[in-house]
Structure formats: structure tokens, C-alpha cells
Amino acid sequence: MNITVQSLSKQYGTQKAVDNLSFEVKTGEILGFLGPNGAGKSTTMKMITGYLGIGTGTVLFGEKSMAEHGDLIKRHIGYLPENNPLYLDMPITDYLEFCAALQGVNKEEIQKRIRKMVAVCGLNTEKHKKIGELSKGFRQRVGLAQAMIHDPEILILDEPTTGLDPNQIVEIRKLIRELGKEKTVILSTHILPEVEATCDRILIINKGKIVADGTADTLRKQATGQELIKVRIEDGSAEEILHELRRIPSTDRVELVDKNLNRFEVQSKTDTSSKREIFNLCVEKGWVLSELIPIETRLEDIFRNLTMN
Amino acid sequence: MQAIWTITKRELQSFFDSLIAYIILILFLGFSGFFTWLFGSDIFLVGQASLQSFFNVSYWTLFFFTPALTMRLLAEEKKSGTIELLLTKAVTDREVVMGKFLSTLLLVISALAFTIPYAITVYNIGNMDLGQVICGYLGLILMSASYISIGLYASSTTSNQIVAFLMAMLIGLFFHIIFDVLAGNFSGVIGQVFHTLSLSNHFDGISRGVIDTRDIIYFGSLIFVGLFLSELSLTKRNID
């Protein structure tokens, strides 16, 4: 089921929490929702799930809108809100049964689904405990289990991996990736490597507006455009090498980073690469090229550039 | 319908898990039993085979206990944030309100069911008017339902349970006694309006064994308004 968001806005008093957002998520796509605190991520998710009313604009699921077919659509959504609120006085299995019943899972299916979710989310040793007795990580697993209990077509997860241990994070990411093949997933997070590891597409929003939309690679290209490499050349004097490197036509900027180790940073002109010329230069002069490392712009930098004015 | 029942079951479970249900049952049965059989104008003092003294005591005990039951219904969910999880499931706001209302009503009805032995006892020691007793129970149920819907509304307006409790008490107090007092102080149309609004007048009629459509309509509209306002204030999250 595709989700289409068209010019979605929401105002709290005089503050625009969400400002004219438009995007689309297709079946089989995992969309990573990024943004600084207070950017409007959670508000957008709340509007998509139907908890908050839509200010202006539309959210369509396939062809249907939440306003007209609320109940029908909600059955296809699995939602994990931020802070993962749960009924602390309920045992895990009772709680999952309650959620399954509310989401209209057949009576015969419920026990089967609960067993599956308990296994998938690694809750087997804890399943008879009350939720209030669980640690934060296990509560997070219960939150994920309740979101997926009815095998929904759409998963909306607000910071799904907070509080999980590293092993579990890897497992949950793998699970999300697998689910994402046939479902529509929107997830928000602050952990940037997580977005790269799990998401097909990244949407960065700031102050309620979309500031970037695309895969991690396209965002990188947009952000840099210029190749940046680290070079270490031995057997020559630093000054001479620096001078020669600067003479290469495709280099834009060359800097000596470490004089003792002969390390340089070379930035090429837009849309060109100077790796080949550097190699040829070394061959010609009889220098030893012992390091040549392309530096990728980190997602963190892109994020910072886009969200810090 | 299925969703309402699912929510009702969970709420009832939660009443019993958190011991609230047991405490309320013990307090209610203790109070009403004490004043019906042992103390004050109890059955033996009155010397009539009637449960009137029980109904008079319950009229007050239920008034105090229902806000204690209703205060957490929505306020707790708002505070912990679980309301967001509940309302994003395939349920409407109305189903949530109805489910919570029904669960509390069922708890009160079960408390009243435990007093049926009183009726059986009195039936065996004298010539009891069965119709009147049934009407008395009906009156108590209608009254509790009204206070539950008021309490539910109070609970829907805040995320603080104490505020919800006091607010339900305050609103309830008007219907329970203040309107009646005011009705005595005013004459003419205003007096008549207060008289009509007073819950005690309608309860008296029913507990004496007279079922008047006006009383039924009165309780019905009180319940309806309470539930309607609860749903409205739950839906209001959409606007602000």
C-alpha cells in the first residue's frame, strides 16, 4: 500500500510544526525520517497514523484517506510511538492478545501470531512477566511486537532501536529490512548509521520543511560534488611533492597535512578525479604511493549542513 | 462491537489486577452492610421488610466510590501516553469511551449483585415488596451509570487523576444535592428547573417503586451527555 502525503501542514498556535510536506512512500520501500529535535518528525507520524488530525493537506493510503476509511486503514498500520507507551500492569502475552484483538486478528490466528512475535522479538524468556517488570530494551521489543502483531502492510516506527543492545539492534534492523521488502515502512531515528544501514531513501526535514530527499548516495553527491582524497607519498621531500601535486591540472586544492609522514589532502575540481594523475606522477618521479584513500562525506556532515542554518 | 468488548475486558482485568476492584467491593459491601443491618436506622430499627435503608446508604456510597473508579480511566492513559497507542489501533474514539464506560458499569453492577443476599434475607423474614426492590436496584444502576459518564468526562479533560476525581465529585455534587437545595430556595420556573435537574428527586421516585418515563429520560440524557462530552474532549486532540 503506497502512502502519499500532499502538502501536509500543522500549526500549533503560531508555530508551524509541519509546513507543506509532500512525499510518497511505495510498497517495498523503507523511508528514513531524519531531522533535529522538534523538526516535526513525530507530528508528521502522528498525523499519518491518524492520532492527530490533519491540519491542511491530505494523506492517502492507496486511494483512501484516513478521514473517510479510518477503521479500515488503521488495521493495516503498525505503529510504534516515540517513548513507547505501554500498559505496565499487563503481562506481555495478555497485552499482545489485546492488541491483536483490537486490530481484528481472527481468534484462531491470535495465539499463532503471539508465538511468532514472541520468537521474532526475542521475548521468549520474559513472556509471562508484566511489562512493568521489564527493562527498557525488552519494553522496546514489546513495542515492536505490538506494532507487528497483525502483520500490517504499513509500519510506522518512531525511533525503533532506542534502548536496545547492539546485538538486538542488528537483529531488529535486519528484521526491518526483511519486512521492508514487501511492506511500506517509515522510520524515524537520530542514529545516522542506522538510516544508511536500513533505509532505501532518506528524508531530512527541518522546521517542518523537507530539506533533502533521496538515497544516501544521491545526498552525498549533492552535498559534495568534489572528490576528496588522502594521499601519502614516500621517498620525496614534502615541498617538492606539494609543488608537483599542485601542478596537476585536475587538482583544485592540495594541502600538506603531516610533514613527517608526507600526508596530503587533495581536492579535485568539480566532476573530475585526480587519482590517475597522482599515480602517474609517482611513477614518473619514482616515489612510492603508500596511501590513497577517498574520503566520503559523512552523513553527519550532510545532516549538519542542511539543518544548521 | 467487538472492539468495545475487548476494551471492556481489559479495563475490568485492570480493575482487578490493580486491586481497586477488591478495595471498592470490600468498602461498598462493608459500608452498606453495616448501615443496613447493624447501625443507624437499620432494618431492625425500622422494623419493615424493606431494603429502603440499604438504598439510602448506597445512594451515598456509590456517589463517593464511582469517581474513584472513573478517575483513572482516561487520565492515566493520557499521562502515560498509551492513549496514542490505543487510538491508533483500529478503534474509534466512541468505542474507547463506550468500552471504558461499560467496564466500570459492570464492576458497579457486580458490586450490587453481591448484595442480592440482603434481598433474599429480607424476603424470608417478612412480606417484602419485590417490585420495589427491583426498582431500587434499577435506580442505583441508573444513578451509577450517570456518575460514571460524568466521571469519564472529568477523566477525559485532564491527565491528572486527582483532578479528575475532584472534578467528578464537584459536578456530581450538584446533581446529588446542590440542585435539590437550590430547588427549595427558589420558587416558580427556576425552582422547577432545579427540581428537574436534581438527581435525588428522580432517584427517590424509582427507589419507591415508581418507574416514570421522565425519570428514565432524565438518567438516559445524563448518561448520554456525559458520554458525548467525553468523546468530544477525546476527539479534541485533533484540533489543538
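Bear in mind the structure is a predicted one, so any value in this text is a computation, not a measurement.

Asks: Break down the nonpolar core for me, with residues and values.
Replies: With 139 residues, the main nonpolar core has A:Tyr95, B:Leu51 and B:Leu199 as its most contacted residues. When residues of this core are assigned to their parent elements, the largest contribution, 11 residues, is made by helix α8 (residues 130-156) of chain B. Ignoring sequence-local partners within four residues, the contact set of B:Leu199 consists of B:Tyr59, B:Met143, B:Ser146, B:Tyr147, B:Phe175, B:Tyr218, B:Phe219 and B:Leu222. Ranked by size, the runner-up nonpolar core spans 14 residues in total, among them A:Val231, A:Ile248, A:Val254 and A:Ile278.

Asks: Talk me through the domain arrangement of chain A; I want residue IDs and the actual numbers.
Replies: Residues and elements named next belong to chain A. Partitioning chain A into domains gives domain 1 (3-222) and domain 2 (225-301). The distance between the C-alpha centroids of domain 1 and domain 2 comes to 45 Å. Across the boundary between the two partners, domain 1 contributes six residues, which contact five residues of domain 2. For the domain 1 and domain 2 pair, buried surface summed over both sides reaches about 540 Å², with 61% attributable to carbon and sulfur atoms. Considering only the surface of domain 1 that becomes buried against domain 2, Leu-192, Arg-220 and Lys-221 emerge as the three largest contributors, covering 74% of it. Inspection of the region where domain 1 meets domain 2 yields zero residue pairs in polar contact (both at pLDDT 80 or more). Within the residue set of the side of domain 1 that touches domain 2, elements represented by two or more residues are α7 (192-198) and α8 (216-223). Partitioned by chemical class, the residues of the side of domain 1 that touches domain 2 number three nonpolar, no polar and three charged.

Asks: Break down the interface of chain B and chain A for me, citing the residues and quoting the values.
Replies: Between chain B and chain A, the residue contacts involve 25 residues of the former and 26 residues of the latter. Around 2400 Å² of area is buried between chain B and chain A when both sides are counted, 58% of it from carbon and sulfur atoms. For chain B, the biggest contributors to the area lost against chain A are B:Arg10, B:Glu84 and B:Lys89; these three give 27% of the whole. Put simply, chain B and chain A have one salt bridge between them.

Rules and cut-offs
- Residue numbers restart at each chain and count upward from 1, following the sequence in its written direction.
- Chains and ligands are labelled by the order in which they are written, letters from A for the one and numbers from 1 for the other.
- The model is predicted, so local features are restricted to residues of pLDDT at least 70 and side-chain atom pairs to those at 80 or more, both for listing and for counting; the totals for chains, interfaces and linings are taken over all residues.
- Hydrogens and water molecules were not included; the side-chain quantities draw on all heavy atoms of the structure.
- In plain words, nonpolar cores are sets of buried Ala, Val, Leu, Ile, Met, Phe, Trp, Tyr and Cys residues tied together by side-chain atoms within 4.5 Å.
- Relative accessibility under 20% of the residue-type maximum defines a buried residue, over 50% an exposed one, and the middle range a partly exposed one, all with a 1.4 Å probe and only protein chains included.
- A run of H or I in DSSP becomes a helix once it reaches four residues, and a run of E becomes a strand once it reaches two; helices and strands are each numbered from the N terminus.
- Here a residue-residue contact requires only that any non-hydrogen atoms of the pair lie within 4.5 Å.
- Domains are outlined according to an automatic or database domain assignment.
- Buried area: the sum, over both parts, of the accessible surface (1.4 Å probe) that disappears when the two are put together.
- What qualifies as a polar contact is a pair of N or O atoms within 3.5 Å, subject to a donor-acceptor requirement within protein and to the restriction that residues adjacent in sequence count only when both atoms come from side chains.
- In this count, Pro and Cys sit with the nonpolar residues alongside Ala, Val, Leu, Ile, Met, Phe, Trp and Tyr, while Asp, Glu, Lys and Arg are called charged and the others, Gly among them, polar.
- Salt bridge, as used here: a side-chain nitrogen of Lys or Arg that lies within 4 Å of a carboxyl oxygen of Asp or Glu.

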